[in-house]
Amino acid sequence: MRVCARLILLLVVTVTALLSPPPSLSATGTDATVPAVGRAWPVGLRPPVLRGWEPPATVYGPGHRGVDLAAAPGTPVRAVAAGRISFAGRVAGKGVVSVDLKGTGDPPLRTTYEPVTASVEEGEEVAPGEVIGTVDATGSHCTATCVHWGLRRGETYLNPLSLLPPWLLQRGPSRLLPLA
Ligand SMILES: [Zn+2]
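The structure displayed is predicted, hence computed values, not measured ones. (Residues numbered from 1 in each chain as written. Predicted model: local features only at pLDDT ≥ 70, side-chain atom pairs only at ≥ 80, totals over all residues.)

Undergrad: What is the right way to read the overall build of the protein from this model?
TA: Per the secondary structure count, the protein includes 3 helices and 11 strands. Starting at the N terminus and walking to the C terminus, you meet the elements of the protein as α-α-β-β-β-β-β-β-β-β-β-β-β-α. Here the protein holds 180 residues, and 34% of them are scored as buried. (Helix = DSSP H or I, 4+ residues; strand = E, 2+ residues; numbered from the N terminus. Buried ≥ 20, exposed ≤ 12 C-beta atoms within 10 Å, placed from the backbone.)

Undergrad: In this structure, what is going on with the pairing of strand β6 (residues 109-114)? I would like to understand it.
TA: Two faces make up the sheet, and in a regular strand the side chains alternate between them. Among the 6 residues that make up β6, 5 are buried, leaving the element largely enclosed by the rest of the structure. Here strand β5 (residues 94-101) pairs with β6 via 4 bridges, running antiparallel. In the sheet register, Asp100 faces β6, and the bridge partner there is Arg110. In the sheet, β6 pairs with strand β10 (residues 146-153) via 6 bridges, with the strands oriented antiparallel. Pairing of Tyr113 across the sheet is with Trp149, part of β10. (Pairing = 2+ DSSP bridges.)

Undergrad: Is there a simple way to think about the nonpolar core in this case?
TA: Grouped together as the largest cluster of nonpolar side chains are 36 residues, with contacts concentrated most on Leu69, Val97, Val116 and Val147. Non-local contacts of Leu69, meaning those with residues more than four positions away in its chain, are made with Pro42, Val43, Pro47, Val49, Cys146, Val147 and Trp149. (Core = buried A, V, L, I, M, F, W, Y, C linked by C-beta atoms within 7 Å. Contact = placed C-beta atoms within 7 Å.)

Undergrad: I would appreciate a short explanation of the pairing of strand β4 (residues 83-91) in the present structure.
TA: By the bridge criterion, 8 bridges tie β4 to β5 in an arrangement that is antiparallel. Looking at β5, one finds that Ala88 is bridged to Val97. Between β4 and β5, which follow one another and run antiparallel, lie 2 residues, and Ala92 among them has a positive phi close to 50°.

Undergrad: Please explain the sheet that holds strand β3 (residues 76-78) as it appears in this structure.
TA: Pairing between the strands of a sheet is mediated by backbone hydrogen bonds and can be parallel or antiparallel. Pairing within the open sheet is antiparallel, and its 3 strands lie in the order β3-β9-β7. Edge strands, defined here as strands with exactly one partner in the open sheet, are β3 and β7 (116-118). Between one strand axis and the next, the sheet turns through 40° on average, direction left out of account. Sheet topology places β7 next to strand β9 (residues 131-135); 3 bridges connect them, and they run antiparallel. (Axes fitted to C-alpha atoms, helices over the stretch in contact; angles between N-to-C directions.)

Undergrad: Would you mind going over the environment of Pro115 with me for this structure?
TA: If you trace the backbone, Pro115 turns up in the loop between β6 and β7. Distance from Pro115 to Arg90, taken between C-alpha atoms, is 8.9 Å for residues 25 residues apart in sequence. Apart from residues lying up to four places away in sequence, Pro115 is in contact with Lys94, Gly95, Asp136, Thr138, Gly139 and Ser140.

Undergrad: Would you explain the environment of Trp167 in this entry?
TA: Relative to the helices and strands, Trp167 is located in helix α3 (residues 166-169). Exposure remark for Trp167: the 9 C-beta atoms within 10 Å place this residue in the exposed category.

Undergrad: Help me understand the confidence of the model for the protein in this model?
TA: The predicted coordinates ought not to be read in detail in places where the model reports low pLDDT. Averaged over every residue, the pLDDT of the protein is 85; residues scoring 70 or more account for 77%. The model gives residues 11-30 a pLDDT under 50, and that stretch makes 20 contacts with residues more than four places away or in other chains. (pLDDT = per-residue confidence, 0-100.)

Undergrad: Quick question: what am I supposed to make of unusual backbone geometry here?
TA: Trans peptide bonds make up most of the peptide bonds, and negative phi angles are found at most residues other than glycine. Residues Asp106 and Pro107 are joined by a peptide bond in cis, for which omega reads 0°. Topologically, Pro107 is positioned in the loop between β5 and β6. Residue Pro115 is bonded to the preceding Glu114 through a cis peptide linkage, with omega at -10°. Of note in the backbone geometry, Ala92 takes a positive phi value of approximately 50° without being a glycine. In this structure, Ala92 sits in the loop between β4 and β5.

Now the structure itself:
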């Protein structure tokens, strides 16, 4: 009887998952202050999102101020849009690259990538899709290697996936989070 109930539950969960939009994409494109200026994913063509955007309830509350994209160590990391390198170096032993995006207001939108060994220097201009470094083997907060990709304007954290237009978000083949 319990096994049967579990099977029904599993079926319901599966059907619900098939009918709903992918979890990594459902929270995107909702921030009207973020223009979809992205022309490339930070890594790969359509990397699996290991952990999505979880905005904290309060400024210092728990949450996930970015998205984690699966990527093997050494994978090239790209600027998603045109901008200027505002930081390239190490923070608390972790490689970090930040890019201020062109034409996104004042203060500008700033994307951050970590852990990344930079191949660019502060002040350098970058084009959309330009390689800015490579993924480090250590220093990520994922169990597998990943790039934590963040977006902020001033002190406000935003969902970086909002930068990507639908044609990039929906580019297949996509591998989604396992349900369990
Ligand atoms: Zn993260």
